[in-house]
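This is what each chain is made of:
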Amino acid sequence: MTQAEQLATGNHSWNESTYFWRYPNNVALTYFLSCWFRLTFFFKADTNLSLNILNLGLLDSFIILLLSTLWKISHNKSLMIGTLAFVGLSSFAYTYFLQIFYSDLPAMLGLLIIFRILLFWQSKTKKQKYLCGLILFIIVLLTQIIKPNTIVLLPAIILLIILWQSKHLLKNYQMLIPLVLIIFGLISVFPANDIIQKITGFQSNSAYELPVSSWILTGQTKNGIYERSIISQELKLPNKAVRNKINQKKILTILKKSTANDLLKRWFLKLSIFLNVSSISSWYNGGFRAAPAWYQAYALIIQQIVDDSYQIAVIILNLLLLKRLSKWQPQLKRWSDSIAILLVITTLGFIAFHTLLWETESRYGQIIIPLLLLQLGIFSAGKNQIQSQKSRSKSGFLLTIVMLTLFLAFLRLPNSSLKPKSLVVAAQRSQISTQYQLRSDYINSKNIISQRVVFKHKVNKIKIAIPKNSQLTIYLEALDSGKKIKIKANANNFFTPGNYKLILKNNTGRPQKITISHNKFYQLAPYPLIINKKILAHSSLVYQALWINQKIDKTPEVQ
C-alpha cells in the first residue's frame, strides 16, 4: 500500500526494502492499486477513504454479480436466499474481504466474470460475442497477473477438450473460441508483466528473488505451509539460479524419503488447512486500531462466533454441493453441463495445486468459493418446487447438517478454552516485516518520540516494535493523572482503561534505530506521531496493547 502511494505520487523507487525483489509478482497488483489512488487523489480523497471505497466496491460488485448470475441460471428462490445469507450476512462480508485489500477478492471477482461469460456465451449474438470475447481476454489476463495460480484453468480446459473429443462433440469449432481466448489471456501474462515493470521502473534483483521451487519446497515440508526459516536459508545463497538448483535437490530428497503414508498425511493436513476458514477474522489483520468499549467487553465471544459461523457455513455449502454432485448426470451436449464440468475440474485443480504441489494457507481456499456457488446454481436449475416425495430425504439431510453443526460447536468450545485468548485493545501493526530489510529510521541523541493511545479495556501486555540492540528508554504516561512509568518494549504491565501516551527517549550520546511506519496520505493510527513537537499525521509507531485472558492479581501500575 505504501509503495502504491509512492507510485501514485510519482515516486518510482523500489529500494526501500527487499520485499518486491523477493516477490516481483506483487509489482503488478501494486501498480493497479496506484492507478486507483491516482484517480481518487485527483478528487482529493485520502488513502483511507480510497481503500474503503475500493474494498466495498469490489465486495459489493462480487455479491451483486454472483446473485444475478445465480438467478439467471437457476431461478431458484431458495438458492438465492441461501447465497445472500452466505455472502451478505456471514463474516464473508464483514471481515477479511471488507477490511483488507489484497489479491484474493479481485481474483475471485475475475473468476466469477470469466465463468459468467462462459455460461451465457451460446446465447450471445455475433456482435455480443466480439465484445464478450474482448472482455474475457482482458479479465483472464488481469486475473492471472494478480493471482498466478489461475493457471489451473489451462489444464482444466485441456481436459474438457479431451472429453469433448472423446464424445465426438468437436464438430462445431465455434465452441472452442472462448476457451482459446482464455488460453491466450493466460499466456499473455509474461509480456504484460514486463510492460508493467517497465512503466513502474521496477528492476528485478536475482540476489533476493526466489524461484518457483521455493514455494514447492515449502509445500513439501511437514506442515506444507510457508516456512520463514527455509526462505532465510535460501537468501544466504548468491542468486536465484543457485537457489533453484539446490531447492530441486531438496525436493527430490524429501520425496524419496517420504513413504506413501507420509505423503497421505501431508496431503490431508494441507487439504484441511486449505479448507479451514475458522480464523477469517484474523487473516492479515492485527486487530482494530481502537475498538469501542462495548465491543471489547464481548470481543472474544464475538470473534469466536464470527469465525465458527463462517466455518459452519462453508461446511454446509460443501455438503450441499456434494449432495447435488452425487446425483448429477452431466450431458456434454449441453453447454451449461460442459461449463459445469469445467467448474468442477478447475475447483479440483485449485485444491490439487495447493495440496499436492504448492505451499498452502487457509486464506488460499477462498478462491474456490465462487466456483462452488456457481456449481450449486447450475445443479439447482429447475428445482424451485419442493416435491413432497422428497421432503423426507431433505428433512433427513437438513437434520444431518444441524447435528454436524452442533457437533462442531461442541468440539470447538472446549478446544478454544484450552488456549488463552488475547484481545487487541489498541494497535498499529502496519509495517514491512524486518525480514525484508526495511531501511531504519533514527532518533537523535536526547530526542523524544511520543504518540497518544487510548485503552478502552484493561491491558496487561504492551508490545512496541524496537530494532534489535537499539537503546531507547520507554515510558507510558497516563494523561488523566500525569503519572508515568518506565516499561520494556515487551511489557507485562497492568493498566486500566484511559488515555495514555507512549514516550520513547534516546538518552544515549548517539542516534538509535527506531521502527516507524510512514505513509503519504494514509492515517495509520487514531493519533499522530510526534517527534520533538513536530506532528506527523501519517506516521506511527508499531505497537500493540493486549489483554491476555487470564487471572491478573496485580494492581494497576498507572491509572
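Since the model is a prediction, treat every value here as computed from it, not as a measurement.

Rules used in this analysis
Residues numbered from 1 in each chain as written. Predicted model: local features only at pLDDT ≥ 70, side-chain atom pairs only at ≥ 80, totals over all residues. Heavy atoms only, no water. Pairing = 2+ DSSP bridges. Helix = DSSP H or I, 4+ residues; strand = E, 2+ residues; numbered from the N terminus. Axes fitted to C-alpha atoms, helices over the stretch in contact; angles between N-to-C directions. pLDDT = per-residue confidence, 0-100. Contact = heavy atoms within 4.5 Å. Buried < 20%, exposed > 50% of the residue type's maximum accessible area, 1.4 Å probe, protein only. Core = buried A, V, L, I, M, F, W, Y, C linked by side-chain atoms within 4.5 Å. Parallel < 35°, antiparallel > 145°, perpendicular 65-115°, else oblique. Left-handed = near helix turned anticlockwise from the far one by under 90°. Nonpolar A, V, L, I, M, F, W, Y, C, P; charged D, E, K, R; others polar. Patch = residues over 30% accessible without salt bridge, like charges linked within 9 Å, V, L, I, M, F, W, Y side chains within 5 Å. Areas by Shrake-Rupley, 256 points an atom, 1.4 Å probe, with all protein chains shown as cover. Salt bridge = Lys/Arg side-chain N within 4 Å of Asp/Glu carboxyl O. Expected span 1.5 Å × (residues − 1). Arc of directions from axis to C-beta.

K.L.:
For this particular structure, what's the right way to read the sheet that holds strand β11 (residues 529-531)?
P.N.:
Pairing is antiparallel in the open sheet, where 6 strands are placed in the order β6-β5-β8-β3-β11-β12. Looking along the sheet, the strands with just one partner apiece sit at the ends: β6 (484-487) and β12 (534-536). Taking each pair of neighbouring strands and ignoring which way they run, the sheet shows an average axis angle of 25 degrees. Note: strand β5 (residues 473-478) against strand β8 (residues 498-505), 6 bridges, orientation antiparallel.

K.L.:
What is the right way to look at the confidence of the model for the chain in this model?
P.N.:
Detailed reading of the predicted model is not advised wherever pLDDT is low. When the pLDDT values of the chain are averaged, the result is 87; 90% of them are 70 or greater. Mean pLDDT across the elements of the chain bottoms out in helix α20 (residues 391-418) (51) and peaks in helix α7 (residues 104-119) (97). Considering only residues more than four positions removed or in separate chains, one finds that residues 384-392, a stretch of pLDDT under 50, has 4 contacts. In this model residues 413-420 is a low-confidence stretch, pLDDT under 50, and it forms 5 contacts with partners more than four residues away in sequence or in other chains.

K.L.:
So what exactly am I meant to see when it comes to helix α19 (residues 369-379) here?
P.N.:
One full turn of an α-helix is made of 3.6 residues, so residues set three or four places apart face in the same direction. Among the 11 residues in α19, 11 count as buried, and that is most of the element. Taken residue by residue, α19 has I369, P370, L371, L372, L373, L374, Q375, L376, G377, I378 and F379 as its buried positions. Buried residues along α19 sit against α4 (47-74), α5 (77-89), α7, α17 (299-327) and α18 (335-357).

K.L.:
I tried to follow the nonpolar core on my own but got confused; where do I start?
P.N.:
When a protein is soluble and globular, its nonpolar side chains tend to lie buried together. Membership of the largest hydrophobic core comes to 107 residues, with the highest contact counts inside it found for F62, F92, I114, F115, W164 and I182. With 11 residues, the top contributor of residues to this core is α7. Ignoring any residue separated from it by four or fewer positions in sequence, one finds I114 in contact with L136, I139, V140, T143, L153 and I182. The next biggest cluster of nonpolar side chains, apart from the first, holds 33 residues, and it includes A291, L423, L502 and L541.

K.L.:
Hey, could you run me through the environment of I73 in this one?
P.N.:
With respect to the secondary-structure elements, I73 resides in helix α4. A residue is classified by how much of its surface remains accessible, and I73, at 17% relative accessible area, is buried. Spatially, the C-alpha atom of I73 lies 9.5 Å from that of F379, the residues being 306 residues apart in sequence. Discounting residues that sit within four places of it in the chain, I73 has contacts with L119, F120, L374, G377, I378 and A381.

K.L.:
So what exactly am I meant to see when it comes to the pairing of β5 here?
P.N.:
Each regular strand shows side chains that alternate between the opposite faces of the sheet. Most of β5 is tucked away: 6 of the 6 residues are buried. Side chains T473, Y475 and E477 of β5 all project onto a buried face; the interleaved residues I474, L476 and A478 project onto the opposite face, where all are buried too. Hairpin geometry of β5 and β6 is characterised by an intervening segment of 5 residues between the two adjacent antiparallel strands and by a positive phi of about 85 degrees at G482.

K.L.:
How do you make sense of the packing of α17 against α19 when you look at a structure like this?
P.N.:
When two helices pack together, you describe them by how their axes are tilted relative to each other and by the distance separating the axes. Orientation of α17 relative to α19, taken along the N-to-C sense of each, is 40 degrees, at an axis distance of 10 Å. It follows that α17 is oblique to α19 by the angle criterion. The hand of the α17/α19 crossing is left-handed. Across the interface between the two elements, Y310, L317, N318, L320, L321, R324 and L325 from α17 touch I369, L372, L373, Q375, L376 and F379 from α19. Residues belonging to the contact of α17 with α19 are distributed by class as follows: 10 nonpolar, 2 polar and 1 charged.

K.L.:
Looking at this model, I keep getting lost on a nonpolar patch on the surface. Mind explaining?
P.N.:
A cluster of nonpolar residues, L39, F42 and F43, forms a patch on the protein surface that exposes about 380 Å² of accessible area. Summarising the element assignment, F43 is placed in the loop between α3 (27-42) and α4. For F43, a relative accessible area of 58% translates into the label exposed.

K.L.:
What exactly am I supposed to notice about the packing of α4 against α19 here?
P.N.:
Where α4 contacts α19, the two axes come as close as 8 Å, and the packing angle between them is 20 degrees. On the basis of their axis angle, the class for α4 and α19 is roughly parallel. The two elements α4 and α19 cross, and the hand of that crossing is right-handed. Touching F62, L66, T69, L70, I73 and S74 of α4 are P370, L373, L374, G377 and I378, all from α19. In terms of residue class, the contact of α4 with α19 is built from 8 nonpolar, 3 polar and no charged.

K.L.:
Please explain unusual backbone geometry as it appears in this structure.
P.N.:
Negative phi characterises most residues that are not glycine, and trans characterises most peptide bonds. Look at H168: it is not a glycine, yet its phi comes out positive at around 55 degrees. Position of H168 relative to the elements: it lies in the loop between α9 (153-166) and α10 (177-187). The class for H168 is exposed, based on a relative accessible area of 60%. Unlike most non-glycine residues, K533 shows phi in positive territory, near 70 degrees.

K.L.:
What am I meant to see in the environment of A427 here?
P.N.:
With respect to the helices and strands, the residue A427 is situated in strand β1 (residues 422-428). On a C-alpha basis, the gap between A427 and F288 in space is 6.6 Å, while along the polypeptide they are 139 residues apart. When sequence neighbours within four positions are dropped, the list of residues in contact with A427 reads G286, F288, R289, Y543 and Q544.

K.L.:
Please explain α5 as it appears in this structure.
P.N.:
For α5, spanning 13 residues, the distance from its first C-alpha to its last is 17 Å, which sits close to the expected 18 Å at 1.5 Å a residue. Turning to α5, its buried residues are L79, M80, T83, F86, V87 and G88. Taken around the axis of α5, the buried residues stretch over an arc of 165 degrees, which confines them to a single face. Opposite the packed face of α5, turned more than 90 degrees from it, sit the exposed residues K77, S78, I81 and L89.

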